[in-house]
Amino acid sequence: MMQLVVDITSAARLIQAMAPDWLWLLKYIESEDGYVRFPPAVSQWIKNLNIGNYPGLYEDERAIGAVLLKAFLSIEQIEELNAELELCSSDERGQLLLEYISNLGDGIDAIELPKTPAAQKRADAQFLAMSDEERQHAVEFTQRFVMGMLAGFYQSLSIMVHGEKLTALVAQAKAGNDKAFAKAVQIDKRILHALPYFNDRFAAANSEGQREFVELVTAHMSRPPYKGKIRHKALYLAFSLLDQVGVLDRMKHSELLDLCTQAGLDSHANRIDDVKNMSKRLAEYRAFQRRGFDLSTP
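## Description of the overall build of the chain
Argument step 1. A count of helices and strands for the chain gives 16 helices and zero strands.
Argument step 2. Split into buried and exposed, the 298 residues of the chain put 47% on the buried side.

## Digging into the packing of helix H2 (residues 40-49) against helix H8 (residues 132-162)
Argument step 1. Their axes nearest at 11 Å, the elements H2 and H8 cross at an angle of 135°. Comparing their axes, H8 and H2 come out oblique. Helix-helix and strand crossings are classified by hand; for H2 and H8 the assignment is left-handed. Within the contact between the two elements, H2 uses Val 42, Trp 45, Ile 46 and Leu 49 and H8 uses Val 139, Thr 142, Gln 143, Val 146, Met 149 and Leu 150.
Argument step 2. Its residues assigned to classes, the contact of H2 with H8 shows eight nonpolar, two polar and no charged.

## Thoughts on the packing of aromatic side chains
Each aromatic ring pair is described using two quantities: the centre-to-centre distance and the angle formed by the ring planes.
Argument step 1. Scanning the entire structure with this criterion turns up 11 aromatic pairs.
Argument step 2. On the numbers, 5.9 Å between centres and 85° between planes, the contact of Tyr 197 with Phe 198 is edge-to-face.
Argument step 3. On the accessibility criterion, Tyr 197 (29% relative accessible area) is partly exposed.
Argument step 4. Members of the aromatic cluster, connected to one another through ring pairs, are Phe 181, Tyr 197, Phe 198, Phe 202 and Phe 213.
Argument step 5. Positioned over the ring face of Phe 127 is Arg 135, at 5.6 Å from the centre of the ring.

## Quick word on the confidence of the model for the chain
Argument step 1. Averaged over all residues, the pLDDT of the chain is 80; the fraction at 70 or higher stands at 79%.
Argument step 2. Element-level mean pLDDT values for the chain span from 56 in helix H6 (residues 105-109) up to 96 in helix H12 (residues 196-207).
Argument step 3. Below pLDDT 50 for its whole length, residues 1-6 participates in 16 contacts with residues either more than four positions away or in separate chains.
Argument step 4. In this model residues 292-298 is a low-confidence stretch, pLDDT under 50, and it forms 19 contacts with partners more than four residues away in sequence or in other chains.

## Quick look at the side chain of His 162
Argument step 1. When you line up the elements, His 162 lands in helix H8.
Argument step 2. If we skip the residues at most four places from it in the chain, His 162 touches Leu 169, Lys 183, Gln 186, Ile 187 and Gln 289.

## Re the nonpolar core
Argument step 1. Of all hydrophobic cores here, the largest spans 72 residues; its most connected members are Phe 181, Ile 191, Phe 198 and Phe 239.
Argument step 2. Looking at which element gives the most residues to this core, the answer is H8, with 12 residues.
Argument step 3. With residues up to four places along the chain from it excluded, the contact list for Phe 181 reads Ala 173, Leu 192, Tyr 197, Phe 198, Arg 201, Phe 202, Phe 213 and Val 217.
Argument step 4. Counting residues in each nonpolar core, the second largest holds seven residues, with Ile 78, Leu 81, Leu 85 and Leu 96 among its members.

## Observations regarding H2
Argument step 1. Taken residue by residue, H2 has Ala 41, Val 42, Trp 45, Ile 46 and Leu 49 as its buried positions. All buried residues of H2 fall inside an arc of 140° around its axis, so they share one side. Exposed and facing more than 90 degrees away from the buried side of H2 are Pro 40, Lys 47 and Asn 48.
Argument step 2. Looking one or two places after H2, you find Asn 50, whose phi comes out positive at around 55°.

What counts, and where the lines are drawn
- Residues numbered from 1 in each chain as written.
- Predicted model: local features only at pLDDT ≥ 70, side-chain atom pairs only at ≥ 80, totals over all residues.
- Heavy atoms only, no water.
- Helix = DSSP H or I, 4+ residues; strand = E, 2+ residues; numbered from the N terminus.
- Buried < 20%, exposed > 50% of the residue type's maximum accessible area, 1.4 Å probe, protein only.
- Axes fitted to C-alpha atoms, helices over the stretch in contact; angles between N-to-C directions.
- Parallel < 35°, antiparallel > 145°, perpendicular 65-115°, else oblique.
- Left-handed = near helix turned anticlockwise from the far one by under 90°.
- Contact = heavy atoms within 4.5 Å.
- Nonpolar A, V, L, I, M, F, W, Y, C, P; charged D, E, K, R; others polar.
- Phe/Tyr/Trp six-rings, centres within 6.5 Å; stacked < 30°, edge-to-face > 60°.
- Lys NZ or Arg CZ within 6 Å of the ring centre and 35° of its normal.
- pLDDT = per-residue confidence, 0-100.
- Core = buried A, V, L, I, M, F, W, Y, C linked by side-chain atoms within 4.5 Å.
- Arc of directions from axis to C-beta.

Pasting the structure below:
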């Protein structure tokens, strides 16, 4: 198997681009005692943009990256990328996607999602000042970007909590794994109604009296993905992003330290002043994944 060479600059750029919005969502979750409840602004985006079907992205891992790419790239550029991906090994594919998405960093940085009523008011005024063509383009762009952001966030949350991608849990559930089914809906409850298999399977279980399965799913849906507070949120999000593209376990801890420094993570706040401490934080992250929702960090 080919040894993956990690492009630290690309990985750092990806973290810089995506982590701030995900960090905002993670902080909100912790303010809700660990339950995944969207901030009012996010619920409004989903409603106004008519993107309640975003969980469909979990049925194909590549679709999450693709919907983000469609927001920024032309059809011709996307076809070129698909052709490159078809020729890649599994090792190379993660690195190529990482580089492509990280190259969108400048465009992502220019986006300011309206997270307060005042910001939403400014965004509405800007939208009304656009031509009809500009409005259509703005709506399509925002739909794709927010869908990708939400699916990517839940993908990372699943990796942080369960040690597996949400796309993997969905695939396992559709293959008949009831525990994976329960874990998936614990991470994102919208899956239960947005994905036909999940909706039909749960409805059938209820009507057929499959009590054990119904209780398993209901129990997972009624409790938060994790309890307590994650002390090093930004660092864990960085780890999960790298896990998501399949490079975290391939990197030397000295490379991780360099990457996090380049990404602008506070070394003192995250207690990653040197390689030894980076190794400790990574071990804690893996312990977090093993302990799941029972974890309560200091």
